[in-house]
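Here is how the chains run, residue by residue.
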Amino acid sequence: MRGLTRLGAALLAGALASTLAGAAAAQPVEVAGLGQPARILIDRWGVPHIYAASQEDAFFVQGFNAARDRLFQIDLWRRRGLGELASVFGPSYVEQDRAARLFLYRGSMEPEWAAYGKDAQRTSARFVAGINAYIDTIARKPELLPFEFRQLGYMPAKWRPEDVVRIRSHGLTRNLTQEVARARVVCSAGLAADAVRSQLSPAWITRIPEGLDPCLPDDALDVFTRATENVRFERRRLQVSRALPNEETLEGSNNWVVAPSRTTTGRPILANDPHRAYGAPSLRYIVHLSAPGLDVIGAGEPALPGVSIGHNGKVAFGLTIFSIDQEDLYVYEINPKNPRQYRYRDGWENFRVLREKVAVRGGAARTVELRFTRHGPVIYQDAARRRALAVRTAWTAPGMAPYFGSIDYMKAQDFTQFRRAMERWGAPTENQVYADTAGNIGWVAGGLAPVRPNWDGLMPVPGDGRYEWKGFLDGAKLPYVLNPKQGWFASANEMNLPASFPYREHKLGFEWPDNARARRIAEVLSKIPKASMEDMERLQNDVVSLNARRLVALLKPLSSPDQKTQAALRLLSAWDGEEQATSAAAALYEAWWSRHLGNAFKEAVLPPAAAQSFDAPHASVLLESLEKPAQRFGADAVRKRNAVLLTSLGRAWAELEGLQGPDPARWQWGKLHFSHFLHPMSPILDQAARAQVNVGPLPRGGGAYTVNVSSYHPDSFWQAHGPSFRMVLDVGNWDNSRAINTPGQSGDPASPHYRDLAQPWAEGKYFPLLYSREAVEKAARQVIELVPLR
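Starting from 1, residues in each chain are numbered consecutively following that chain's sequence as written. For this predicted model, a pLDDT threshold of at least 70 governs which residues receive local features, and a threshold of 80 or more governs which side-chain atom pairs are given and counted, while totals over whole chains, interfaces and linings are taken from all residues. The side-chain values count all of the structure's non-hydrogen atoms but skip hydrogen atoms and water molecules.

Draft legend 1. Examining the overall build of the protein chain more closely. Across its full length, the protein chain holds 27 helices and 29 strands. Atoms considered for the radius of gyration are the C-alpha atoms alone. The globule rule reads 2.2 Å times the number of residues to the power 0.38. Over its C-alpha atoms the protein chain spans a radius of gyration of 26 Å, differing by no more than 12% from the 28 Å that the globule rule assigns to 790 residues. Its C-alpha atoms give the protein chain principal-axis dimensions of roughly 85 × 70 × 55 Å. Expressed as a percentage of the 790 residues in the protein chain, the buried residues total 63%. For accessible areas, the Shrake-Rupley method is used with a probe of radius 1.4 Å. Any residue's cover is judged against the shown protein chains and nothing else. Surface exposure of the protein chain reaches about 29,000 Å², of which carbon and sulfur atoms provide 50%. A distance of 2 Å separates the average location of the 95 positive side-chain charges in the protein chain from that of its 82 negative side-chain charges. Numbering of helices and strands runs from the N terminus; a helix is a DSSP stretch of H or I covering at least four residues, while a strand is a stretch of E covering at least two. The buried label goes to any residue with under 20% of its type's maximum accessible area, the exposed label to any with over 50%, and the partly exposed label to all in between, with areas taken from a 1.4 Å probe on protein chains only. Counted charges follow a simple rule, with Lys and Arg positive, Asp and Glu negative, and His plus the chain ends left uncounted. Charge coordinates come from a single atom per side chain, which is NZ of Lys, CZ of Arg, CG of Asp or CD of Glu.

Next up, the structure:
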């Protein structure tokens, strides 16, 4: 852990940090590339408020500040995305580098920059110039080098403008993994079994594409997984760890907007809490950019310019995932006479082959081969069976750099401008809620949607020319709403296509998360005649499970001769479904739900091969089948259903006795379920150092289907995913807005802002998201003065 405390002392002693009271006397920091003097005011919660004389300088200072606060995080993001990990971490990373390079944007940069609106290239150039300026500052002041670089023995790399947009593999796209999962179930048990694993919505019946052998190799997605997973380290040697798989079931978010007629403020209120994987530092970073013609505040990813969730003083915006299918897996026949060719239509076509050098720390550079078909990168090749697999993804199209397009919509001044910006939006596919100071509220769906004229995208397809995309859907054809009659709009990743949307023609996607969160948000909002800011905070932290209430309703009429099962029935039957961390019933319910009920249900309604072909059944399918058992349980359906409920519940009770003792009065969900924010380097640090870089554990309530999402690993109950960032905006009275970003704003473990927001976040608290210059200056605790290098 050498250098951690020394770094904190250096930052406090150096010219980059001074108290506000001493700002006038502090020596300004000279920075090459800055046009005019600029100032960063850091408030008491670690939020930087950047004031610059031009928009170009504002983005420059944003990059400088991102490097100041999050340099290791963004450097790791860049190296992972570009495939340059082995150059600093050694040969164990060569395969991950190769995989990442397969998914880089390799098209022309002219249409790429044009896709994001005016000045996109210049914005990126100024942002990375700021990052590079901070790296140059470190060269002059080596004591500012973050401890991670010292520990691992390398220096941060300089950025190029195109690095920001060429990296695509961090985006939330879909549905490649679901195609493969469906193919595996079909291979083992047929399409009917897959209807238990995944519910298709809107109503849809898929079929096996003509010419497809659905039996894919077990390692079909290994390369894709390497390309998209985070960098993790292990003791003994640096290598990629698969401890936290990237599963589409962990995607999610909530957002809603309420009209002035339904708020106590008489102004719109907009709330957003995007859900992503947890870590230290936080995935997102809150920043305020103020310059002539630009005054925007909110959260984004620290490696990108602008903000993607927030407001600009007139318009507010917040996002959730909208499930457009942007990926397809193609299966090819390889030429038996030439393994460098694959069948396409009536002939054979050559793979496009690129060979690139991968620099390797401590050794000679390795040459890696990258293969592509006309559809995309090859992720699997089986010479013996003469098969290859390649991915066609919207990633490869111009304008698909995840979240970068927010530099366009964050400047919108009304709904028309906002919607036009969203018509050009690429990734991730989004529900954007909207509000403005004129009192308007709305919703816009956005994302690049492939046109599949003769199939639905739900399974892999032969790559021989029978299944081709026909361009992309015009973004103006995606649904939107302005000033809904009910006075509010909410989304929580549920299937929310309007009834009038021609889904059979456009086939945007048929795989959506369970709608329990959306139903709970609607339940609460519809019952509040006038919503306050505090109401919205409470709703974001709501841990009522509607799915739990549905199951409890099924249990209430039941009884059991088994004493422990009967005790479980009594405990849950008296429960209101609120998953507080202190709740014994919540502990029993979640152990039952995640470890026992799903398996028991599969075994009861599916043949053994089908039941073993996938993990958990879709939540909606499970609940609907239990409520209407005749559909899947067959003859004597109610008795069979009840046996599943009682047997699995008894097992859950017995397991909880083993976990928390025989006295249910001492059981608590929060004693099992916890958040623990891990620094990526923690596995290779000693125990004392890990305590300084990891945050937690913190007891947690909630579950995967509560508004306050708390998805977890069933084997450990460790919460791996949820709302690390929350925001509630009082539209028009901006200083009354609130936010939280756990575990803290800073990426420096020695900073007071590394973990200061974790406990307030766990308690459902917020800090004021200050916007006016007067309020910011009153709350400022540090100032950084930047001046052009003379």
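Moving on from the coordinates now.
Draft legend 2. Seen up close, helix H21 (residues 619–627). The buried fraction of H21 is high, at seven of nine residues. Inspection of H21 places Ala 619, Ser 620, Val 621, Leu 622, Leu 623, Ser 625 and Leu 626 among the buried residues, and these make up the whole buried set. Two residues form a contact once any of their heavy atoms are found within 4.5 Å. Buried residues in H21 make contact with helix H10 (191–197), helix H17 (546–555), helix H19 (584–605), helix H22 (630–633) and helix H23 (637–660).

Draft legend 3. View of H17. The element H17 is extensively covered by neighbouring structure, given that seven of its ten residues are classed as buried. Among all positions of H17, only Leu 546, Asn 547, Ala 548, Leu 551, Val 552, Leu 554 and Leu 555 are buried. In this structure, the buried side of H17 is in contact with helix H15 (516–527), helix H18 (563–573), H19, H21 and H23.

Draft legend 4. Structural detail: the sheet that holds strand E29 (residues 780–788). A strand pair is defined by DSSP finding two or more bridges across the two strands. Ordered by their spatial adjacency, eleven strands build an open sheet running E1-E29-E2-E3-E6-E7-E8-E9-E17-E18-E20, and the pairing between neighbours is mixed. Where the open sheet ends on each side, the last strands, each with one partner, are strand E1 (29–31) and strand E20 (480–482). Across the sheet, the mean angle from the axis of one strand to that of its neighbour is 20°, orientation sign disregarded. For every element, the axis is a line fit to its C-alpha atoms; helices are fit only across the contacting stretch, and the angle between N-to-C directions ranges from 0 to 180 degrees. Contacting E1, strand E2 (38–43), strand E3 (48–51), strand E6 (285–291), strand E7 (294–300) and E29, helix H2 (residues 55–82) runs over the sheet at an angle of about 155° to E6.

Draft legend 5. Structural detail: the packing of aromatic side chains. Pairs were defined over the aromatic rings of Phe, Tyr and Trp, the Trp ring being its six-membered one, requiring ring centres within 6.5 Å. Orientation was assigned from the angle between planes: stacked under 30 degrees, edge-to-face over 60, tilted for the rest. Throughout the structure, instances matching the rule amount to 42 aromatic pairs. A ring pair is formed by Phe 64 and Tyr 134, whose centres lie 5.2 Å apart and whose planes are at 85°; its orientation type is edge-to-face. Here the residue Phe 64 occupies a position in helix H2, and Tyr 134 occupies one in helix H6 (residues 120–140), the gap between them amounting to 70 residues. Side by side, Phe 64 and Tyr 134 carry an identical accessibility label, which is buried. Taken together, the ring pairs connect Phe 317, Tyr 409, Phe 415, Phe 418, Trp 425, Tyr 434 and Tyr 480 into an aromatic cluster. Above the ring of Trp 761, the side-chain terminus of Arg 700 is found at 4.2 Å from the ring centroid. Placement of a charge over a ring requires the Lys NZ or Arg CZ to be within 6 Å of the ring centre, with the centre-to-atom vector within 35 degrees of the ring normal. A cation over an aromatic ring shows up here: Arg 773 above the ring of Tyr 51, its NZ or CZ 3.8 Å from the ring centre.

Draft legend 6. Quick look at the side chain of Asp 69. Tracing the chain through its elements places Asp 69 in helix H2. Apart from the residues lying within four places of it in its own chain, the contact partners of Asp 69 are Tyr 285, Gln 745, Ser 746, Gly 747 and Asp 748.

Draft legend 7. Up close: the environment of His 375. With respect to the helices, strands and loops of the structure, His 375 is situated in the loop between strand E14 (366–372) and strand E15 (378–382). A relative accessible area of 4% places His 375 in the buried class. A C-alpha to C-alpha distance of 43 Å links His 375 and Lys 314, two positions 61 residues apart in sequence. Beyond its immediate sequence surroundings of up to four residues, His 375 is in contact with Tyr 330, Tyr 332, Tyr 344, Val 391, Arg 392, Gly 463 and Glu 468. Distance and chemistry together define a polar contact, namely a pair of N or O atoms within 3.5 Å, with one atom able to donate a hydrogen and the other to accept it when in protein, and with adjacent residues in sequence counting only for side-chain atoms on both sides. Of note is the side chain of His 375, whose polar atom sits 2.7 Å from the side chain of Tyr 332.

Draft legend 8. Here's a closer look at the packing of H2 against helix H4 (residues 94–102). Here H2 crosses H4 at 75°, and the two axes come no closer than 6 Å. With respect to H4, the element H2 is oriented roughly perpendicular. Residue-level contacts link Arg 79, Arg 80, Gly 81 and Leu 82 of H2 to Gln 96, Asp 97, Ala 100 and Arg 101 of H4. In this count, Pro and Cys sit with the nonpolar residues alongside Ala, Val, Leu, Ile, Met, Phe, Trp and Tyr, while Asp, Glu, Lys and Arg are called charged and the others, Gly among them, polar. Each residue belonging to the contact of H2 with H4 can be placed in one class, and the counts come to two nonpolar, two polar and four charged. These descriptions rest on fixed angle ranges, namely under 35 degrees for roughly parallel, over 145 for roughly antiparallel, 65 to 115 for roughly perpendicular, and the rest for oblique.

Draft legend 9. Structural detail: the pattern of salt bridges. For this analysis, a salt bridge means a side-chain nitrogen from Lys or Arg found within 4 Å of a carboxyl oxygen belonging to Asp or Glu. Inspection of the entire model under this criterion finds 44 salt bridges. Note that Glu 349 is salt-bridged to Arg 374, the shortest N-O span being 3.0 Å. In this pair, Glu 349 is assigned in strand E12 (residues 347–350) and Arg 374 in the loop between E14 and E15, connecting sequence segments 25 residues apart. For Arg 549, the salt bridge is made with Glu 523, and the minimal N-O distance between the two is 4.0 Å. Taken together, the residues Arg 549 in helix H17 and Glu 523 in helix H15 connect sequence positions 26 residues apart. Looking at Arg 549, the relative accessible area reads 35%, which means it is partly exposed. Assessed through its relative accessible area of 22%, Glu 523 is described here as partly exposed. Through salt bridges with shared partners, one network takes in Arg 78, Glu 84, Arg 160 and Asp 163.

Draft legend 10. Fine view of the side chain of Asn 312. Structurally, Asn 312 is set in the loop between strand E8 (309–311) and strand E9 (315–321). Here Ala 412 takes part through its backbone oxygen, which lies 2.8 Å from a polar atom of the side chain of Asn 312. The residues touching Asn 312, leaving out its near neighbours within four places in the chain, are Asp 295, Val 296, Phe 317, Met 410, Lys 411, Ala 412, Gln 413 and Tyr 771.

Draft legend 11. Representation of the nonpolar core in the model. Phe 89 and Ile 379 are the most contacted members of the largest nonpolar core, which has 170 residues in total. Top contributing element to this core by residue count: H2, with twelve residues. In contact with Ile 379, other than residues within four places in its own chain, are Phe 103, Ala 220, Leu 221, Val 223, Phe 224, Leu 329, Leu 389, Ala 390 and Val 391. Residue types Ala, Val, Leu, Ile, Met, Phe, Trp, Tyr and Cys, when buried and joined through side-chain atoms within 4.5 Å, form a set referred to as a nonpolar core. Grouped together as the second largest cluster of nonpolar side chains are 49 residues, Val 196, Ala 600, Phe 601 and Leu 626 included.

Draft legend 12. View of the state of the cysteines. Cysteine sulfur atoms are paired as a disulfide whenever they fall within 2.5 Å. This structure, assessed with the given rule, holds one disulfide. The disulfide partner of Cys 187 is Cys 215, and the S-S distance across this bridge is 2.0 Å. Residues Cys 187 and Cys 215 are joined by a disulfide whose S-S torsion is about 100°; by sign, that bridge is right-handed. In this pair, Cys 187 is assigned in helix H9 (residues 176–189) and Cys 215 in the loop between H10 and helix H11 (222–228), connecting sequence segments 28 residues apart. With a relative accessible area of 34%, Cys 187 lands in the partly exposed category. On the basis of relative accessibility, which here comes to 28%, the residue Cys 215 falls in the partly exposed class.

Draft legend 13. View of unusual backbone geometry. For the peptide bond that leads from Ala 280 to Pro 281, omega is 0°, which places it in the cis range. Of note, the amide linkage connecting Gly 696 to Pro 697 takes the cis form, showing an omega dihedral of 5°. Along the chain, Pro 697 turns up in strand E23 (residues 695–699). At Asp 119, a residue that is not glycine, the phi angle is positive and equals roughly 70°. Considering the arrangement of structural elements, one finds Asp 119 in the loop between helix H5 (109–114) and H6. The backbone phi angle of Arg 386 is positive, close to 55°, even though this residue is not glycine.

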